[in-house]
Amino acid sequence: MARKTRAEERIEELDVSPTALIAELDEAKAARDEAAAKADEYLTALQRERAEFVNFKRRTAEERERDLGLAGEDLIRKVLAVADDFDRAIENRPAALADDAWAEGIAAIDRKLRLLLESEGVTAVDAAAGTAFDPRHHEAVVSVPGTGRPEGEIVDEIRRGYKLRDRVIRPALVAVATAGDGDDAARPIN
C-alpha cells in the first residue's frame, strides 16, 4: 500500500458530508447574526452616548453663558444707578448752564454710557405716557384719578426701566390712571 501524504491524511480526517457542512454553515450564520446584533447594539449605544454628550455640551454652554450674563447683570444694575444720576443731573440742569460746554460734556458722557449699555444688549422699557400698563415691564407706584385717560394707562414714567436682551432686569416705575373724578390726589399704590 502506498504511503499517504499529510494532505491526503487531513482530507480523510475532514468530514465533508452534507449534514456536517450544513451544521457548520448554520453555526457560522448564527455567529455572524450574533456579531451583527452586538454591532448594532454597540452602534445604538454609541449614538445615544454621542447625542447625550452633544446635549451636555449645549447645556453647559448655555449655563456658562447664563452665569456670565448674571455676573454681567449685577454690574449692569450698578451702572444703571449711575445712568439714573446722569438723567437727574441733565434734567435738572440750570437754565444758565443750557449752552455751557461743561454741561454739554456731561450730556456727551451720558450718551456714551447709553451706547455702551446698548452694545451690551440693554434697552429701555417703553413706559411713555399713553402706553398701556404691563405688569411684566412696569411697576405701578402711584395711581392718578381724574386724568381723562383710560384706567390702566400710564400717565407718567417716574424711573426708567431696562431689559437685558429679552429679560426685564429693572421694571419701569410708573404712575397709572385710575377711574375717579379727580377730587382725590394721586395716591401711592401699596
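Analysis parameters
Residues numbered from 1 in each chain as written. Predicted model: local features only at pLDDT ≥ 70, side-chain atom pairs only at ≥ 80, totals over all residues. Heavy atoms only, no water. Core = buried A, V, L, I, M, F, W, Y, C linked by side-chain atoms within 4.5 Å. Buried < 20%, exposed > 50% of the residue type's maximum accessible area, 1.4 Å probe, protein only. Helix = DSSP H or I, 4+ residues; strand = E, 2+ residues; numbered from the N terminus. Contact = heavy atoms within 4.5 Å. Pairing = 2+ DSSP bridges. Axes fitted to C-alpha atoms, helices over the stretch in contact; angles between N-to-C directions. Salt bridge = Lys/Arg side-chain N within 4 Å of Asp/Glu carboxyl O. Expected span 1.5 Å × (residues − 1). Arc of directions from axis to C-beta. Polar contact = N/O pair within 3.5 Å; in protein donor to acceptor, adjacent residues only side chain to side chain.

1. Some words on the nonpolar core
One finds Ile76, Leu80, Ala83, Phe86, Leu113, Leu117, Val122, Tyr162, Leu164 and Ile169 forming the largest nonpolar core, which totals 10 residues. Of all the secondary structure elements, the ones that give two or more residues to this core are helix H2 (18-91), helix H3 (101-119) and strand E4 (162-164). No other element matches H2, which puts 4 residues into this core. If near-sequence neighbours (up to four positions away) are discounted, valine 122 is found in contact with Ile76, Leu80, Leu117, Tyr162, Lys163 and Leu164. In terms of nonpolar packing, the next biggest core, distinct from the first, is built from 6 residues, Val125, Ala127, Ala172 and Val174 among them.

2. Describing the sheet that holds E4
In spatial order, the strands read E1-E4-E5; together these 3 strands make up an open sheet with antiparallel pairing. Bordering the open sheet on either side are strand E1 (122-124) and strand E5 (167-170), each of which pairs with just one other strand. The mean inter-strand angle of the sheet, taken between neighbouring strand axes irrespective of direction, is 40°. As defined by bridge partners, E1 adjoins E4 across 3 bridges and the pair is classed as antiparallel. Looking at the pairing, threonine 123 lines up with lysine 163 of E4.

3. Observations concerning the pattern of salt bridges
Side-chain pairs of opposite charge can arise whenever the charged atoms involved come near each other. Counted under the stated rule, the structure contains 12 salt bridges. The partner of aspartate 33 in a salt bridge is arginine 32, with the nearest N and O atoms 3.0 Å apart. The partly exposed category is assigned to aspartate 33, whose relative accessible area is 43%. Assessed through its relative accessible area of 52%, arginine 32 is described here as exposed. With its nearest N and O atoms 1.9 Å apart, the salt bridge here joins glutamate 73 to arginine 167. Placement of the pair is glutamate 73 in helix H2 and arginine 167 in strand E5, with a sequence separation of 94 residues. One salt-bridge network, in which partners are shared between bridges, spans Asp87, Asp110, Arg114 and Arg160.

4. A few points about H3
Taking 1.5 Å of rise per residue, the 19 residues of H3 would be expected to cover 27 Å, and the 27 Å separating its terminal C-alpha atoms lies within 8% of that figure. Burial in H3 covers these residues: Ala103, Ala107, Asp110, Leu113, Arg114 and Leu117. Seen along its axis, H3 keeps its buried residues to an arc of 110°; they face one direction. Of the exposed residues in H3, the ones pointing more than 90 degrees away from its buried face are Ala101, Trp102, Lys112, Leu115 and Ser119. Residue aspartate 100 occupies the N-cap position of H3, its side-chain oxygen lying 3.2 Å from the main-chain nitrogen of tryptophan 102. After H3 finishes, the residue glycine 121 shows a positive phi value of roughly 90°.

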